[in-house]
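Structure assessment
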Amino acid sequence: MAVALWAKPLLDVGPPPAPNRTLEANRRRLARLRTTILRDAASTTPWWLHADTIAEAARQLRTSDFFLLDGFQGADAAVQLRHEIEAAHTAGQLTRGRTGPTARAASLLRTDASAGFRLTAASSAPRAMRAFVRRTDALVASLRAALRRPHAAPLLRHAEWRAAELMVSCFAANRSRYVRHTDNVCRAGVGRRCNGRRLTVVGYLNDARDDPTDGALRLYFAGSPTSAPRVDIEPLQDRLVVFWSDERVPHEVLPTSFMRFAATMWYFDSLEASQSSASKRSGGFEVREARTVRKNVHTSAGVLPVDTLNSSFTLNK
């Protein structure tokens, strides 16, 4: 499977992370950029695609392994996306999440309901879902360009594909959670269980809670299965969190007392996917074999090219 599950302790939430001034300064820096760019009436570029934002986000990804953007879509778009996920949930389209071959494994390790919505040229996925992925595609394409510049580590050099489905999820208001795991059992492309996932992008769609750890995304330091928690991130409305999918960023969803909604997209490293013995499956998303990973694109496969995307973003498609 696409995750590594830690057994010590399996269901114990544990103490919260210690305050981290660097991570808080990173968050404030991006927030200030948003305010400054939005004040510029002459700017026609979304604030999160502005060169200064991309440069800062790329820096944080290099040095801290993640970044977050508040106000990514805009309030109206975020509300519409939540409504679409709620409608899918009400219609019974979301099913119990799986992390292993048995229902018992799923019930112990994750208790969310989720579904994948296919995103191809002929997709019938709801409009707000398609708009969300167009935004994340443009963001990742710009990040990849920034991380290819001179003196920057080519960390996204081969991030040429994304999953063909957007995963939407709902955690019920009954202490639902997802225990500590990684989205790719790998370390920067090294490991026999690598599945090709390079970057995880999660959009959150929830109101603030009195308890900031309620349903929070907890990131851990890399290392041993019992490494210390690094930061808790509230799953706030219109907040986007981007982090490395592999063992650099173990993470979990803390128990929630409310209906918690999110949308997740994965971006794949084509070279890793083509070389990996685990590349044929990744959490239900098919990854093409080595002989076709870089050519002969078929949109019926489980990944789609990012090379067709660039930083030019339009909402009216």
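These remarks concern the structure in this document. (Residues numbered from 1 in each chain as written. Predicted model: local features only at pLDDT ≥ 70, side-chain atom pairs only at ≥ 80, totals over all residues. Heavy atoms only, no water.)

**Considerations on the overall build of the protein**
Secondary structure summary: the protein contains six helices and 15 strands in total. Within the protein, the proportion of its 317 residues that are buried is 53%. A fraction of 79% describes how many contacts in the protein between residues 6 or more apart in sequence connect residues 24 or more apart. For the protein, the exposed surface amounts to about 14400 Å²; the carbon and sulfur share of it is 52%. (Helix = DSSP H or I, 4+ residues; strand = E, 2+ residues; numbered from the N terminus. Buried < 20%, exposed > 50% of the residue type's maximum accessible area, 1.4 Å probe, protein only. Contact = heavy atoms within 4.5 Å. Areas by Shrake-Rupley, 256 points an atom, 1.4 Å probe, with all protein chains shown as cover.)

**Points about the packing of helix α2 (residues 51-64) against helix α5 (residues 127-146)**
Here α2 crosses α5 at 70 degrees, and the two axes come no closer than 9 Å. As summarised for this structure, α2 and α5 are arranged roughly perpendicular, according to the angle between their axes. Each of Ile-54, Ala-57 and Ala-58 in α2 lies in contact with α5, whose residues at this interface are Leu-139, Ser-142, Leu-143 and Ala-146. Of the residues belonging to the contact of α2 with α5, the class tally is six nonpolar, one polar and no charged. (Axes fitted to C-alpha atoms, helices over the stretch in contact; angles between N-to-C directions. Parallel < 35°, antiparallel > 145°, perpendicular 65-115°, else oblique. Nonpolar A, V, L, I, M, F, W, Y, C, P; charged D, E, K, R; others polar.)

**Description of the pairing of strand β7 (residues 197-204)**
Within β7, eight of the eight residues are buried, which leaves the element mostly enclosed by the surrounding structure. For β7 and strand β10 (residues 239-244), the ladder comprises six bridges, and the chain directions are antiparallel. Within the sheet, the bridge partner assigned to Val-202 lies in β10 and is Val-241. (Pairing = 2+ DSSP bridges.)

**Focus on the pattern of salt bridges**
If you walk through the whole model with that rule in mind, you get 17 salt bridges. Salt-bridge contacts for Arg-59 lead to Glu-56; the nearest nitrogen and oxygen are separated by 2.7 Å. Taken together, the residues Arg-59 and Glu-56, both in helix α2 and three residues apart, mark about one turn of the helix. A salt bridge links Arg-209 to Asp-214; its shortest N-O distance comes to 3.9 Å. Among the ionic contacts, a cluster of salt bridges with common partners joins Arg-198, Asp-246, Arg-248, Asp-269 and Glu-272. (Salt bridge = Lys/Arg side-chain N within 4 Å of Asp/Glu carboxyl O.)

**What to know about the nonpolar core**
Among the nonpolar cores identified, the biggest contains 66 residues, and Phe-67, Leu-69, Leu-139 and Leu-166 are the most heavily contacted of them. In contact with Leu-166, other than residues within four places in its own chain, are Ala-115, Gly-116, Phe-117, Leu-119, Met-129, Phe-132, Val-133, Ala-263, Thr-264 and Met-265. (Core = buried A, V, L, I, M, F, W, Y, C linked by side-chain atoms within 4.5 Å.)

**Let's talk about the state of the cysteines**
This model, assessed by the stated rule, comprises one disulfide. Two residues, Cys-186 and Cys-194, share a disulfide whose sulfurs are 1.9 Å apart. The sign of the 75 degrees torsion about the S-S bond sets the Cys-186-Cys-194 disulfide as right-handed. With relative accessibility at 2%, the residue Cys-194 sits in the buried group. (Disulfide = S-S within 2.5 Å.)

**Brief notes about the packing of aromatic side chains**
For the coordinates displayed, the defined rule picks out two aromatic pairs. Their ring planes at 50 degrees and their centres at 4.7 Å tell us that Trp-48 and Phe-72 sit as a pair that is tilted. One end of the pair, Trp-48, is in the loop between α1 (21-39) and α2; the other, Phe-72, is in the loop between β1 (66-70) and α3 (75-90), and 24 residues separate them in sequence. Grouping residues by exposure puts Trp-48 and Phe-72 together as buried. Aromatic pair Phe-72 and Phe-132: ring centres 6.4 Å apart, planes at 85 degrees, arrangement edge-to-face. A residue pair is termed long-range when its members are at least 10 positions apart, and Phe-72 in the loop between β1 and α3 and Phe-132 in helix α5 qualify at 60 residues. As far as burial versus exposure is concerned, Phe-72 and Phe-132 are alike and both buried. An aromatic cluster of three or more residues is present, and its members are Trp-48, Phe-72 and Phe-132. For the cation-ring pair, Arg-180 lies above Tyr-220, with the distance from its terminal atom to the ring centre recorded as 4.3 Å. (Phe/Tyr/Trp six-rings, centres within 6.5 Å; stacked < 30°, edge-to-face > 60°. Lys NZ or Arg CZ within 6 Å of the ring centre and 35° of its normal.)

**Remarks on the environment of Thr-36**
If you trace the backbone, Thr-36 turns up in helix α1. Expressed as a C-alpha distance, the spacing of Thr-36 and Trp-47, which sit eleven residues apart in the sequence, is 9.0 Å.

**Remarks on α3**
The first and last C-alpha atoms of α3 sit 22 Å apart over 16 residues, in line with the 22 Å expected at 1.5 Å per residue. All of the buried residues along α3 are Ala-78, Leu-81, Arg-82, Glu-84, Ile-85 and Ala-88. Buried residues of α3, viewed axially, fall in a sector of 155 degrees; they line one side. When the buried face of α3 is taken as reference, the exposed residues oriented beyond 90 degrees from it are Ala-75, Asp-76 and Thr-90. If you follow the buried residues of α3, they end up packed against β3 (112-118), α5, β5 (165-171) and β12 (260-268). Positive phi shows up at Gly-92, right after α3, with a value of about 80 degrees. (Expected span 1.5 Å × (residues − 1). Arc of directions from axis to C-beta.)

**Observations regarding unusual backbone geometry**
We note that Arg-175 has phi near 70 degrees; this positive angle belongs to a residue other than glycine. The residue Arg-175 is located in the loop between β5 and β6 (176-181) in this model. By relative accessible area, which is 52% here, Arg-175 ends up exposed. Its identity as a non-glycine residue notwithstanding, Asp-238 has a phi of 65 degrees, on the positive side. Structurally, the position occupied by Asp-238 is in the loop between β9 (229-233) and β10.

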